[in-house]
Amino acid sequence: MNHILLIEDEEAISAALRLRLERSGYRVDTAASGPAGFELALTGRYQLILLDLELPGKGGLDICRDLRQQGIATPILMLTAYGETSDRILGLKLGADDYLAKPFDPGELLARMEAILRRAAPAPAAVLVHGRLRVDLRAATVHWRGALLALSAREYQLLAYFAQHPARVVSREELLREVWGYDESAQTRTIDVHIGWLRQKLEDDPRNPALLLTRVGLGYYFAPPPDEPVKSA
Ligand code: CA
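Residues numbered from 1 in each chain as written. Predicted model: local features only at pLDDT ≥ 70, side-chain atom pairs only at ≥ 80, totals over all residues. Heavy atoms only, no water.

If you tally the helices and strands in the chain, you get 8 helices and 12 strands. Against the globule reference of 17 Å for 233 residues, the chain gives a C-alpha radius of gyration of 24 Å, more extended than a compact globule. Taken along the three principal axes of its C-alpha coordinates, the chain extends 70 × 45 × 25 Å. Taking as baseline every contact in the chain between residues at least 6 positions apart, the subset at least 24 positions apart corresponds to 54%. Carbon and sulfur atoms make up 51% of the accessible area of the chain, which totals about 12,900 Å². When the 28 positive and 31 negative side-chain charges of the chain are each reduced to one mean point, those points stand 7 Å apart. (Helix = DSSP H or I, 4+ residues; strand = E, 2+ residues; numbered from the N terminus. Rg over C-alpha atoms; globule rule 2.2 N^0.38 Å. Contact = heavy atoms within 4.5 Å. Areas by Shrake-Rupley, 256 points an atom, 1.4 Å probe, with all protein chains shown as cover. Lys, Arg positive; Asp, Glu negative; His and termini not counted. Charge placed at Lys NZ, Arg CZ, Asp CG, Glu CD.)

Given below as structure tokens:
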């Protein structure tokens, strides 16, 4: 869940925005003064900062500049009053990512926030390599020991998920949620069946698997295979 910091001294605006953002699935912290907001922003724990410009104690432009000087790269969306054109330009120069003039449509704010968060999200690695397991997330292919594996769509998604979350216990509930999505017909038993098929295709011994381990009562654990030297002829 994206964690948002809202720095805004007008209580009515702050409360309304907070409610709207929380309803849209964001976790929101608020600060009603410049120094309080700056302190929170310095923690670097937020995915996005909504920043009013006219604030008691420390103005939004100063906050923006000082955060960037402190190496805090959290995206900033400035909330500016109508007519503050020069402030907007200065804010962007000081490192803000976007601005929105008050009064604004909450729908537009949400759209801009989503756009900023999309841009800020780190691009996932296109190819995951664990020893001789190679998962190409763009081509949706898996090579194992140099050979292309023939996988069903679900088997691929399952193996790709493990490859993205190596060396940790993954519960069946997590797999249902993340791999099967909201398919209500899926059951934990379905997962076990797919794991069995994957083990077969990876030639992973079902009684003593080395790759897809069962953690009784907890779920599964993908043990990344070690590098194997390719035998030369
Ligand atoms: Ca204000």
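Here we take up the coordination of the calcium ion. Around the calcium ion, the protein contributes the donor atoms Asp9 (OD), Asp52 (OD) and Glu54 (O), at 2.1 to 2.3 Å from the metal centre. Spacing between the donor residues of the calcium ion along the chain follows D-x42-D-x1-E. Classification of Asp52 by relative accessible area gives buried; the value is 4%. (Donors = N, O, S within 2.8 Å, 3.2 Å for Na, K, Ca; no water. Buried < 20%, exposed > 50% of the residue type's maximum accessible area, 1.4 Å probe, protein only.)

Tallied over the full model, the rule gives 0 aromatic pairs. The cationic tip of Lys58 hangs over the ring face of Phe38; the distance from NZ or CZ to the ring centre is 4.5 Å. Its end group placed over the ring of Tyr221, Arg215 keeps NZ or CZ at 4.2 Å from the ring centre. (Phe/Tyr/Trp six-rings, centres within 6.5 Å; stacked < 30°, edge-to-face > 60°. Lys NZ or Arg CZ within 6 Å of the ring centre and 35° of its normal.)

Once that is clear, we can look at unusual backbone geometry. That bond from Lys102 to Pro103 is cis: its omega, -5°, falls within 30 degrees of zero. Tracing the chain through its elements places Pro103 in the loop between β5 (98-101) and α5 (106-120). Phi angles above zero are rare outside glycine, and Glu203 is one such case at about 55°. You can see Glu203 is positioned in the loop between α8 (188-201) and β11 (212-215).

Reading across from one edge, β6-β7-β8-β9 is the order of the 4 strands in this open sheet, with antiparallel pairing throughout. Two strands in the sheet have a free side with no partner beyond their single neighbour: β6 (127-130) and β9 (147-148). As judged from the 4 bridges shared by strand β7 (residues 133-136) and strand β8 (residues 141-144), these two strands associate in the antiparallel manner. What sits directly across from Val135, in β8, is Val142. Contacting β6, β7 and β8, helix α6 (residues 153-164) crosses the sheet at an angle of about 110° to β7. (Pairing = 2+ DSSP bridges. Axes fitted to C-alpha atoms, helices over the stretch in contact; angles between N-to-C directions.)

Looking at where His194 falls in the secondary structure, it is placed in helix α8. Overall, the relative accessible area of 10% leaves His194 in the buried class. Of the polar contacts made by the side chain of His194, one reaches the backbone oxygen of Thr190; its length is 2.9 Å. Apart from residues lying up to four places away in sequence, His194 is in contact with Arg154, Glu155, Leu158 and Trp180. (Polar contact = N/O pair within 3.5 Å; in protein donor to acceptor, adjacent residues only side chain to side chain.)

This brings us to the packing of helix α2 (residues 34-42) against helix α3 (residues 60-69). Where α2 contacts α3, the two axes come as close as 10 Å, and the packing angle between them is 25°. In terms of axis orientation, α2 runs roughly parallel to α3. The handedness of the crossing between α2 and α3 comes out as right-handed. Contact with α2, carried on its side by Gly34, Phe38, Ala41 and Leu42, involves Ile63, Asp66 and Leu67 of α3 and no other residues of that element. (Parallel < 35°, antiparallel > 145°, perpendicular 65-115°, else oblique. Left-handed = near helix turned anticlockwise from the far one by under 90°.)

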